[in-house]
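Observations on the three-dimensional arrangement
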Amino acid sequence: MLIAVSAMHGRHALSRVWAKHTASLGFDFVVVCATDDDVKSVGICSEFGLQPIIAPNDPLSGKFNAALKYAMVLGATRIAIVPSDDFISPAWVEAARNTEHDYIIPHACGVVDLPTKRAYAIVKGVTRGMRFGAGRVVSRKAIERCGGTLWPPAINRGLDTASHQCLLAHGVHLTMVTTEGIPITDVKTKDNLWPFITWQNGSQDITVEEALHMLSPEHLAELYSI
């Protein structure tokens, strides 16, 4: 059973497009931890058949751990980590469902600056370290080896690195899997914790159409209208 886990807070227009797209991808469940005072996010998740749960917004790691715990209760055999501003491709969902590895990462991650429609792709080899963490897929066996949790209980930044180090410390190694096209794209708005330029150095310029190829015309138009 492949279950996606995420966290959501505010940015409701973007969250709505993300929920509609993610709901169309064929996950067995999508568990989203919303902020305890963000009723609108809970409504968005429910409207599109996602599984909302509630937790305080601080710390962010607590929200992801809560989503992970609920996904395990639902019977997940694989967990996909999909933040609520990252749009993944059907090809990556297929790879996640069929992989024999315990811990995988996409071969690339697109980054889009929504106001300017600029885009680039982070392309990295596993041997050069993990430059992005969205889209990673972890087996139930690997999570259980880590004691049932992946994130330290009280952090708001560095979640990708912290969870990666947790897995490595328990002998779970990362494998890069290549799919056709950009497997996942992070859409940046002015409210993002990490701005568009954060990983631009050393990345490859691409078109916004390449970065967002996984979106239907309807979802793309809705995204552009934000």
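Use the structure listed above.
Residues numbered from 1 in each chain as written. Predicted model: local features only at pLDDT ≥ 70, side-chain atom pairs only at ≥ 80, totals over all residues. Heavy atoms only, no water.

1. Some remarks on the overall build of the chain
Cut-off, in case you're wondering: Secondary structure elements follow DSSP: runs of H or I no shorter than four residues count as helices, runs of E no shorter than two count as strands, and numbering proceeds from the N terminus. Computation of the radius of gyration draws on C-alpha atoms, with the globule rule given as 2.2 Å multiplied by the number of residues to the power 0.38. A simple rule labels every residue: compare its accessible area, found with a 1.4 Å probe on the protein chains alone, to the largest value its type can have, and call it buried under 20%, exposed over 50%, or partly exposed in between. By definition, residues are in contact when any of their heavy atoms lie within 4.5 Å. Areas reported here follow the Shrake-Rupley algorithm with a probe of radius 1.4 Å; residue values treat only the protein chains shown as occluding. Asp and Glu count as negative and Lys and Arg as positive, but His and the ends of the chain are not part of the count. Charge placement uses NZ in Lys and CZ in Arg. For Asp and Glu, CG and CD serve respectively.
Broken down by element type, the chain carries eight helices and 12 strands. Taking 226 residues into account, the globule formula puts the C-alpha radius of gyration at 17 Å, and the chain, at 16 Å, falls close to it. Judged by the C-alpha coordinates and their principal axes, the chain covers about 45 × 40 × 30 Å. The burial tally for the chain puts 53% of its 226 residues in the buried class. Sequence separation of 24 or more characterises 78% of the internal contacts of the chain that already satisfy a separation of 6 or more. When the accessible surface of the chain is summed, it comes to about 9,800 Å², and 54% of that surface belongs to carbon and sulfur atoms. For the chain, the distance from the average position of its 20 positive side-chain charges to the average position of its 22 negative side-chain charges is 4 Å.

2. Quick notes on the sheet that holds strand β10 (residues 175–177)
Note the threshold: When DSSP finds at least two bridges between two strands, those strands are taken to pair. Lines fitted to C-alpha atoms define the axes here, with helix axes fitted over just the stretch in contact, and angles between the N-to-C directions of these axes take values from 0 to 180 degrees.
A sheet is described by the order of its strands in space; here seven strands give the open sequence β3-β2-β1-β4-β9-β6-β10, paired in mixed fashion. Looking at strand neighbours, the two that pair on one side only are β3 (51–55) and β10, the edges of this open sheet. Each adjacent strand pair in this sheet contributes to an overall mean axis angle of 25 degrees, direction not counted. Looking at chain direction, strand β2 (residues 29–35) and β3 are connected through five bridges and run parallel. The residue bridging Thr35 from the neighbouring strand is Ala55, located in β3. Running over the sheet, helix α3 (residues 60–73) touches β1 (2–8), β2, β3 and β4 (78–81) and is turned about 155 degrees from β1.

3. Considerations on the packing of helix α1 (residues 12–23) against helix α2 (residues 39–47)
Note the threshold: Working definition: roughly parallel below 35 degrees, roughly antiparallel above 145 degrees, roughly perpendicular at 65 to 115 degrees, and oblique for all remaining angles. For any helix crossing, the convention is left-handed if the near helix is rotated counterclockwise from the far helix by under a right angle, and right-handed if that rotation is clockwise. Following the grouping adopted for this structure description, the nonpolar residues are Ala, Val, Leu, Ile, Met, Phe, Trp, Tyr, Cys and Pro, the charged ones are Asp, Glu, Lys and Arg, and the polar ones are all others, Gly among them.
At a minimum axis distance of 9 Å, the contact between α1 and α2 shows a crossing angle of 20 degrees. Considering the angle they form, α1 stands roughly parallel to α2. Considering only the axes of α1 and α2, their crossing is right-handed. Together, His12, Ser15, Arg16 and Ala19 of α1 and Lys40, Ser41, Ile44 and Glu47 of α2 make up the contact between the two elements. Of the residues in the contact of α1 with α2, the class split is two nonpolar, three polar and three charged.

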